[in-house]
Amino acid sequence: MQAGFAMLEAGSVRQKNTNNILFKNIMDASIGAICFWLLGYSFAYGNGRYEYDNPGNDNTFIGSGNWALRNFNNDDQYHLWFFQWTFAGAAATIVSGSVAERCRLEGYFVYTIVLTTFIYPIVVHWFWSGTGWASAFYTNSEGERYLKENGVIDFAGSGVVHMTGGFAGLIGAIAIGPRKGWKEGIKGSSDLLKALGVAILWMGWYGFNGGSTLGAGAQGGSYINLASKVMVTTTIAAAVGAICCMIFSRLVLKHYDLSMILNGVLAGLVSITAPCSVVEPWAAMMIGILGSGVYIASSYGIKMLGVDDPLDAFPVHGCCGVWGVLSVGIFATRSNISRTYGYDNDAMISGNQFRNQFVAVLAIIAWVVGTCSIVFFPLRFAGLLRVSEEEEELGLDASEHGVELGSKKIGTYAGDAKSVGNVNKV
């Protein structure tokens, strides 16, 4: 997944910023790994037990204990940290796309550390741990859930991962401001890289969605059967998302737009991530169709509001993430919920499940927007968020990384590069 994000982002920015965006993608994974190992996983899962068998101080808001994984007593639990780390890295990488081509590395380091250490793990705890208030796996000592009947269903992270990254990216984009000349249209460096990046992401999504069964050989092989169905629903939503965006681009833009269909694939994938295990294939098609519409509408909407999001990260991940979470309450079936989670009740018919999903959307938005505002706006006021106009014009590869352009070496600082000439067109 990280390789896919790296290629997509590198192809979407101008050549003078490709080194910078690739650097950030590698550091997302690296910083995220250390932060999630030391503290993040503990805030997310704590001791990794349910309320009735929890020796630590875990509560419904935050996990506590197992710092730096020191309480793992056997080797059959380490895969859980590894799998969850990949999600944490994905959430951070989404944000880098929203603030691409004008974010200082100092500001980037701060928001990545805070996001992977605290903001994202809290959302994970709420929805995926055994003690989180909205978790489908939470039960108190009486065997009841905080949100009746089934808690919130987000199988692989439309809300937990994509809404968190998307809304964090939105706040970052608002705080940092638009790129110079963005309204005239800024073309990326390589359509080839963008297409390859999305193709890699599509394949990686099977690991995210299918892998969220967390036990392919368990229950006499029933989990691998569930994973197989997840692969089918994931494929259908992604494919129909691309097709709908292709039709829109031909009818409205009067040409077949590659970037739009690539984001259509991602819109379908994000939309199906929450409901992939609890819906039928026909419902996956409807979710993908509506997800492409959500993407298109929100992409035009944020541009009208003056928000510059170079990779459309908020429309794809934030808005389609909202739709994915809500779609569970519309398209999930009683039999599929029973098969996946073991709960057999009338939550879908009564509207209870949609209520839970709606509460989840509001909670994630409130948490992420609030905490990210506390991170991004002080960075802006301290002058640590955005590079200078001169550095932006020059390109972050030159000003931040000392990249060589042609036969002339650009210094580490923008001031060292003034004599090289105008490199804005690179």
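Parameters and conventions
Residues numbered from 1 in each chain as written. Predicted model: local features only at pLDDT ≥ 70, side-chain atom pairs only at ≥ 80, totals over all residues. Heavy atoms only, no water. Helix = DSSP H or I, 4+ residues; strand = E, 2+ residues; numbered from the N terminus. Buried < 20%, exposed > 50% of the residue type's maximum accessible area, 1.4 Å probe, protein only. Areas by Shrake-Rupley, 256 points an atom, 1.4 Å probe, with all protein chains shown as cover. Contact = heavy atoms within 4.5 Å. Expected span 1.5 Å × (residues − 1). Polar contact = N/O pair within 3.5 Å; in protein donor to acceptor, adjacent residues only side chain to side chain. Axes fitted to C-alpha atoms, helices over the stretch in contact; angles between N-to-C directions. Parallel < 35°, antiparallel > 145°, perpendicular 65-115°, else oblique. Left-handed = near helix turned anticlockwise from the far one by under 90°. pLDDT = per-residue confidence, 0-100. Salt bridge = Lys/Arg side-chain N within 4 Å of Asp/Glu carboxyl O. Core = buried A, V, L, I, M, F, W, Y, C linked by side-chain atoms within 4.5 Å. Patch = residues over 30% accessible without salt bridge, like charges linked within 9 Å, V, L, I, M, F, W, Y side chains within 5 Å. Nonpolar A, V, L, I, M, F, W, Y, C, P; charged D, E, K, R; others polar.

Digging into the overall build of the protein chain
Along its length, the protein chain carries 15 helices and two strands. For the protein chain, with 426 residues in total, the buried portion stands at 58%. Entry remark: accessible area of the protein chain is about 17,000 Å², with carbon and sulfur atoms responsible for 62%.

Side note on the side chain of Asn 20
With respect to the helices and strands, the residue Asn 20 is situated in helix H2 (residues 18–45). For Asn 20, a relative accessible area of 1% corresponds to the buried category. Ignoring any residue separated from it by four or fewer positions in sequence, one finds Asn 20 in contact with Leu 105, Leu 396, Asp 397, Glu 400 and His 401.

A word on helix H8 (residues 258–273)
One turn of an α-helix holds 3.6 residues; hence residues three or four places apart share an orientation. With 16 residues, H8 should reach 22 Å at 1.5 Å per residue; the first-to-last C-alpha distance of 23 Å fits that figure. Within H8, 13 of the 16 residues are buried, which leaves the element mostly enclosed by the surrounding structure. Sitting at the head of H8, Asp 257 places a side-chain oxygen 3.2 Å from the backbone nitrogen of Ser 259.

Overview of the packing of helix H4 (residues 105–128) against helix H13 (residues 352–381)
Between H4 and H13, the shortest axis-to-axis distance is 11 Å and the interhelical angle comes to 160°. One element, H4, and the other, H13, form an angle in the roughly antiparallel class. Judged by the sense of rotation from one axis to the other, the crossing of H4 with H13 is right-handed. Taken together, the residues of H13 that come into contact with H4 (itself represented by Gly 107, Val 110, Tyr 111, Val 114, Phe 118, Ile 119, Ile 122, Val 123, Trp 126 and Phe 127) are Ala 360, Ala 363, Ile 364, Trp 367, Thr 371, Cys 372, Val 375, Phe 376 and Leu 379.

Some words on the environment of Arg 250
Mapped onto the elements, Arg 250 comes out in helix H7 (residues 222–253). Look at Arg 250 and you get partly exposed, because its relative accessible area is 36%. Not counting chain neighbours up to four residues away, the residues in contact with Arg 250 comprise His 255 and Tyr 256.

Some remarks on the confidence of the model for the protein chain
Should pLDDT be low for a region, the predicted coordinates there are not to be read in detail. A residue-level look at the protein chain finds 90% of positions with pLDDT of 70 or above and a mean pLDDT of 90. Throughout residues 407–426 the model reports pLDDT below 50, and contacts reaching past four residues in sequence, or to other chains, amount to 32 contacts.

Looking at the pattern of salt bridges
With the rule as written, the count across this model stands at eleven salt bridges. Between Lys 187 and Asp 191 there is a salt bridge, with the nearest N and O atoms lying 3.5 Å from each other. Within this structure, Arg 14, Glu 101, Arg 179 and Asp 308 form a network of salt bridges that share partners.

Remarks on unusual backbone geometry
Omega for the peptide link from Lys 148 to Glu 149 comes to -5°, which places this bond in the cis form. Mapped onto the secondary structure, Glu 149 falls in the loop between H4 and helix H5 (158–176). Positive phi values are uncommon outside glycine, yet Asn 66 reaches one of about 60°. Following the sequence through the fold, Asn 66 ends up in the loop between H2 and helix H3 (78–98). A residue is classified by how much of its surface remains accessible, and Asn 66, at 3% relative accessible area, is buried.

Here we look at the nonpolar core
The tendency in soluble globular proteins is for nonpolar side chains to be buried as a group. Ranked by size, the top nonpolar core spans 92 residues in total, and within it Tyr 120, Phe 127 and Trp 128 carry the most contacts. Top contributing element to this core by residue count: H4, with twelve residues. In contact with Phe 127, not counting residues within four places along its chain, are Ala 134, Ser 135, Ala 136, Phe 137, Val 152, Val 160, Ala 360 and Ile 364. With 22 residues, the next largest nonpolar core counts Ile 272, Trp 323, Ile 337 and Tyr 343 among its residues.

Notes on a nonpolar patch on the surface
Together, Ile 243, Met 246, Ile 247, Leu 251, Val 252, Tyr 256 and Tyr 300 line one region of the surface with nonpolar side chains, adding up to about 690 Å² of accessible area. Looking at the nonpolar patch, the element that brings in the most residues is H7, giving five residues. Looking at the element boundaries, Leu 251 is found in helix H7.

Points about the packing of helix H1 (residues 2–12) against H2
Interaxial distance between H1 and H2 falls to 9 Å at its minimum, and their mutual angle equals 160°. By the angle between their axes, H1 is roughly antiparallel relative to H2. You can see that H1 and H2 cross each other, and the crossing is right-handed. Across from Gln 2, Phe 5, Ala 6, Glu 9 and Ala 10 in H1, the residues of H2 making contact are Thr 18, Ile 21, Leu 22, Asn 25, Asp 28 and Ala 29. Split by residue class, the contact of H1 with H2 holds six nonpolar, three polar and two charged.

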